[in-house]
Amino acid sequence: MSPAIDSSEQDVSRQVFLYDPPDRFVAGTVGLPGRRTFFLQASAGGRTTSVALEKAQVEALAERIDELLDEVVRRSGGNAAVPAVAPAEVEDTGPLQSPVEEEFRVGTMALAWDGEGERMVVEAQAIVELEADSEEDLAEAEERLLQDDENGPPMLRVRLSGTQARAFAKRALEVVHAGRPPCPLCSLPLDPEGHVCPRQNGYRRGE
């Protein structure tokens, strides 16, 4: 298997942070509950890449990975090298590697299953401003951005085994749901600086 290579060091314009495979690929956060910044972090061979993204993006990525893996298992009749659930022995509960230095903020993400190599390919690309007249045009523009255009924006590309992908998704969902505890009355997240419950006051401060 080929070692991890940062293609930003090659003679191309586009900066692509490639991990094939990563020693570690996790979602994690920096900051207190309610003010957390979410990151994807890949590491291998003594180098680490961290990219920032929204909580909703982490959740959507994890759910989509699980859905795609389930589809791979279904289509293979259960013969694919993909576990039904993340094995306990590969569980990673450690914090992000410090210092967390943001390479870029994620805009567009894409997933694909490499059937020949039996690898999940995850791509996270930096935010760019897109102009489009319709949602269809915008979707087409985003799809073009994910092609290997040497002049495209920075991208993190990670190739994961089925086991690594399951473990990533499990941890990512746990990270998403590990924020502020809910109020027992209104179920809204409790604010560490003081929670005004709409069930008791009829309004929520700041709205």
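Going by the structure above, here's the rest.
Residues numbered from 1 in each chain as written. Predicted model: local features only at pLDDT ≥ 70, side-chain atom pairs only at ≥ 80, totals over all residues. Heavy atoms only, no water.

### A closer look at the overall build of the protein
And then number 1: The secondary structure content of the protein amounts to four helices and seven strands.
And then number 2: Reading the protein from its N end, one meets helices and strands in the order β-β-β-β-α-β-β-α-β-α-α.
And then number 3: Counting across all 207 residues of the protein, residues that qualify as buried make up 38%.
And then number 4: Here the protein displays about 12000 Å² of accessible surface, and carbon together with sulfur accounts for 46% of that area. (Helix = DSSP H or I, 4+ residues; strand = E, 2+ residues; numbered from the N terminus. Buried < 20%, exposed > 50% of the residue type's maximum accessible area, 1.4 Å probe, protein only. Areas by Shrake-Rupley, 256 points an atom, 1.4 Å probe, with all protein chains shown as cover.)

### Considering the pairing of strand β2 (residues 24-30)
And then number 1: With five of its seven residues buried, β2 lies for the most part within the structure.
And then number 2: The sheet contact formed by β2 and strand β3 (residues 37-44) spans seven bridges and is antiparallel. Paired with F25 across the strands is A42, a residue of β3.
And then number 3: Connecting β2 to the antiparallel partner β3 that follows it, the hairpin turn spans six residues, and G31 within it adopts a positive phi of roughly 110 degrees. (Pairing = 2+ DSSP bridges.)

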